Structure formats: structure tokens, C-alpha cells
Amino acid sequence: MMPQVIAFTKMHGLGNDFVMLSQETLQALDLNPDRDKARLEKLAAYLCDRHFGIGADGLILPAPPSDANSDIRFVYLNSDGSWAEMCGNGIRCFAIFVQNQGMVQTNTFTVETLAGPIRPQINPDRTVTVDMGKPILEAAKIPFNAALFDRNETSQIQNHSLDVLDRNIPVTAVSMGNPHCLVFQDDLSQPVDPAVFGPALEKHPAFPAKTNVEFIQVLSRKHLKVTVWERGCGFTLACGTGACATAVGAIQLGKADHDVNVELPGGILNIRWDGNPESSVFMSGPASYAFKGEIELPVSLLSPVPA
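In this convention, every chain numbers its residues from 1, walking through the sequence in written order. In keeping with the model being predicted, local features are shown solely for residues with a pLDDT of at least 70 and side-chain atom pairs are shown and tallied solely at 80 or more, while totals for entire chains, interfaces and linings include all residues. For side-chain calculations, the full set of non-hydrogen atoms in the structure is used, while hydrogens and water are omitted.

## Overview of the overall build of the protein chain
Argument step 1. Each helix corresponds to a stretch of at least 4 residues labelled H or I by DSSP, and each strand to a stretch of at least 2 residues labelled E; elements are numbered beginning at the N terminus. Along the protein chain, the regular secondary structure elements total six helices and 17 strands.
Argument step 2. On C-alpha atoms alone, the protein chain measures out to a radius of gyration of 19 Å, which is about the 19 Å that the 2.2 N^0.38 rule sets for 307 residues.
Argument step 3. Principal-axis analysis of the C-alpha atoms places the extent of the protein chain at approximately 60 × 45 × 35 Å. Just to be clear, the radius of gyration here is over C-alpha atoms, and the globule rule we use is 2.2 Å times residues to the power 0.38.

Put into C-alpha cells, the structure is as follows:
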């Protein structure tokens, strides 16, 4: 078998960067997201490697929807090859990408994701506003292992004390289709180091599916500053679902207004939520092309993965 050269597109949302592959490329590789999961995991890890591959926080693929009410399906793998339910920055890039590919014809459409249907709207200035759906606040659905702490599975996890390494840390848990652990640094007498506590919280037994972790400074009721440790990725310049979860948690705890700017290392996202658990969270921000190119894939990536 000879090595194969494929085309790719690199995009980013506030520096949270992604490799995008077209349906034509997937067909050329004879890859189906529903059939070839192990091969796609290997491919994602290779393409996202910043030394041997292209380099990215994740791999994004379009696919035909399995839901008749959706226009297209969003498939996302982290840089380590693991699967993720949703990615807020990724969905904005995806919206621009599939429209430019001619796969959707309108500025507003419905995207099937593992976190449920998402509706992005491409604005005249080419920013994207996304109806991210309602936040998930019940412990069992986040998921948060409430039984470990004699808590009800339907309870909300706000300022819940967790023993982490040598510290007791109050955390708030929110899901936006993927789990988030919020650490408000102003609630701590001594702020914690994200490089140390990010990986420890990601794999804490309280989060059976692991978790993303946001370390938050409240600069004002309209301005939150966040450092993100992303599940399966590590430090990232931005996280759209993390910005949404941060705003939801801050609003619930009375720390922020219902329209708030969330400052991430890569830039600012605007998040709107009216505080009603049955209401959608709206995220607005940019999606940018970085470059397009070709890459030669090792033969080992093209071979079938043993069952």
C-alpha cells in the first residue's frame, strides 16, 4: 500500500484550532464515522500532533445527519483521538466550513451533535451566533458522581467541596453537552495553579466521564477571565462550551449579569443566558481560516485496525 496525500483545512476560533476534512476526503480514505471509529481515532491523533502532523486541538468532520430534523452532522475528536460530544469554538468553525463547502445553503441551520441539535447563525460580519441549547445542571446528567458524596442525583452542584491533591476546592459543575468543572479563584483564600489542578480535576472520581476544567477570575459582573484545561487536550486558548458553562455558573452564583463577556487566552466570547434552566444559552464569536494544505499519511494509518 502506498502513502496517500489528502487535502485539509485548518481553522480556529480564538486560537482553539481544528483540522477540518471534507466529505470528499473521507470518501477518498473510505472512512465512515459510524463504521471506522478506531481508524478515525488514530487519524485524529496523528493529524493533531504538533510535531509529526498538522497540529490542532481537534479533528472536525461533516457527515450526513441521522436525524431527519437536522441539516448536517458534526463529528468531533480530541487531539488524543478521544471522542467529544460538542465543541463551542469548533461548531462556529464548522458552520463557516460547511457553508463554504456548499453543504448548507442558508445562514441558519440545524446541526446534529452528540450533545443534541445545535443551531448556528452566520452573521453578516461572518461571526457566528450559536444557540447552544439549555444548560444541563442535574448531577447525574453532567455527569457528576453524586453518590460519592451522599448527594441526590438530581441536585445541582454549586460550590461543592472536593478534596483534590492537598487542597479542598469548591467547584461548580455544569454541562453544555460535555461536562465542565468551574473553579472560581475569588472563592479561594489562595488561588490554585491550573497546571497542577487542571489534570487532577479532569480525572477526579467525581467526574466519571472526566471533565473540562475552567479556572475563573471575576473581573466585573460583565467580564469573566478564564483559563481552560480541556479534557483530552490540556491547556487550550479557547473553549466555547467552557465559556458558556462559565457564564451559567457565574450567573447562578450571582457573580455575573445575564449578558457577559468571557475572556479566554485567545480572545473574547459574548455569552447570553436569562437564568432560566429551560432557556438556551447563546454564544457569539469569530471563526477564522488559518490555512489549507496537503499532508501525506503514513501507510499504518490507512490499514484496517484489528478488531
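## A short note on the sheet that holds strand β2 (residues 16–20)
What links the strands of a sheet is backbone hydrogen bonding, and the strands pair in either a parallel or an antiparallel sense.
Argument step 1. At least two DSSP bridges between two strands are required for those strands to pair. Reading across the sheet, the six strands line up as β5-β4-β3-β2-β1-β17 and stay open at both edges, with mixed pairing between neighbours. This sheet does not close on itself; its edge strands, each paired only once, are β5 (111–112) and β17 (288–297).
Argument step 2. With two bridges joining them, strand β4 (residues 72–78) and β5 adopt parallel strand pairing. The residue bridging R73 from the neighbouring strand is E112, located in β5.
Argument step 3. The contact definition used throughout considers only heavy atoms, calling two residues in contact when any of these lie within 4.5 Å. Fitting a line to C-alpha atoms yields each axis, with helices limited to the stretch in contact; the angle taken between N-to-C directions then spans 0 to 180 degrees. Contacts from helix α2 (residues 37–48) reach β2, β3 (58–63), β4 and β17, with the element oriented near 115° to β17.
Argument step 4. Contacts between helix α3 (residues 88–100) and the sheet are confined to β1 (4–13), β2, β3, β4, β5 and β17, with β1 contributing the most and set at about 125° to the helix.

## Side note on α2
For the α-helix, the turn length of 3.6 residues means that residues three or four positions removed from each other point alike.
Argument step 1. Every helix has an expected span of 1.5 Å times one less than the residues it contains. The first and last C-alpha atoms of α2 sit 16 Å apart over twelve residues, in line with the 16 Å expected at 1.5 Å per residue.
Argument step 2. Here the buried face of α2 lies against β2, β3, β4, β17 and α6 (299–302).

## Quick word on the environment of S82
Argument step 1. Among the structural elements, S82 can be located in the loop between β4 and α3.
Argument step 2. Leave out the neighbours within four places in its chain, and S82 touches L77 and G232.
Argument step 3. Of the polar contacts made by the side chain of S82, one reaches the side chain of D80; its length is 2.6 Å. Any N or O atom pair separated by 3.5 Å or less is treated as a polar contact, with the protein-specific requirement of one donor-capable and one acceptor-capable atom, and with residues adjacent in sequence counted only for side-chain atom pairs.

## A short note on helix α5 (residues 240–252)
Argument step 1. Taking 1.5 Å per residue, 13 residues should reach 18 Å; α5 reaches 18 Å between its end C-alpha atoms and fits that length.
Argument step 2. A simple rule labels every residue: compare its accessible area, found with a 1.4 Å probe on the protein chains alone, to the largest value its type can have, and call it buried under 20%, exposed over 50%, or partly exposed in between. The element α5 is largely enclosed, with a buried count of twelve among its 13 residues.
Argument step 3. Listed as buried for α5 are G240, T241, G242, A243, C244, A245, T246, A247, V248, G249, A250 and I251.

## Quick notes on the layout of surface pockets
Leftover empty space is mapped by rolling, across the atoms, a probe with the size of a water molecule.
Argument step 1. The calculated volume of the largest pocket comes to roughly 270 Å³.
Argument step 2. Space inside and on the surface of the protein is sampled on a 1 Å grid over the protein atoms alone, with a cavity defined as a set of points where a 1.4 Å probe fits but cannot get out and a pocket as an open set with protein on both sides within 12 Å along at least 5 of 7 lines; lining residues have an atom within 4 Å of a point. Lining the largest pocket are 17 residues, and of these K134, P135, I136, L137 and P277 sit closest to its centre.
Argument step 3. For the lining of the largest pocket, the per-class residue count stands at nine nonpolar, four polar and four charged.
Argument step 4. Grid points are joined across faces, edges and corners, and a volume is the space filled by probe spheres set on the points. There is about 150 Å³ of room inside the second largest pocket.
Argument step 5. As for the second largest pocket, its lining consists of P33, D34, K37, R73, F74, V75, Y76, W83, A84, E112, T113 and L114.
Argument step 6. Broken down by element, the residue count for the lining of the second largest pocket peaks at four residues, all from β4.
Argument step 7. Throughout this entry, Asp, Glu, Lys and Arg are counted as charged residues, while Ala, Val, Leu, Ile, Met, Phe, Trp, Tyr, Cys and Pro are counted as nonpolar. The remaining residues, Gly among them, count as polar. Of the residues that constitute the lining of the second largest pocket, the class distribution is seven nonpolar, one polar and four charged.

## Observations concerning unusual backbone geometry
Argument step 1. Cis geometry is adopted by the peptide bond preceding P143, which originates at I142 and carries an omega value of -5°.
Argument step 2. Tracing the sequence through the fold places P143 in the loop between β7 (128–131) and β8 (160–164).
Argument step 3. With phi around 50°, N159 is a residue other than glycine that occupies positive phi space.
Argument step 4. For N159, the location among the structural elements is in the loop between β7 and β8.
Argument step 5. Among the residues examined, N159 registers a relative accessible area of 37% and is labelled partly exposed.
Argument step 6. Positive phi, close to 60°, is recorded for K210, a residue that is not glycine.
Argument step 7. Of note, K210 is situated in the loop between α4 (194–202) and β11 (212–220).

## Re the packing of aromatic side chains
Argument step 1. A pair of Phe, Tyr and Trp rings is counted when the ring centres sit within 6.5 Å of each other, with Trp represented by its six-membered ring. The angle between the planes then sorts it: under 30 degrees is stacked, over 60 is edge-to-face, the rest tilted. Throughout the structure, instances matching the rule amount to seven aromatic pairs.
Argument step 2. Plain terms: the ring middles of F144 and F149 are 5.6 Å apart, the flat faces sit at 25° to each other, and that makes the pair stacked.
Argument step 3. Residue F149 is classed as partly exposed on the basis of its relative accessible area of 26%.
Argument step 4. Ring centres 5.3 Å apart and planes at 85° place the aromatic pair F144 and F207 in the edge-to-face group. Highlighted residues: F144 in the loop between β7 and β8 and F207 in the loop between α4 and β11, separated in sequence by 63 residues. Each member of the pair, F144 as well as F207, is classed as buried.
Argument step 5. An aromatic cluster of three or more residues is present, and its members are F18, F74, Y76 and F94.

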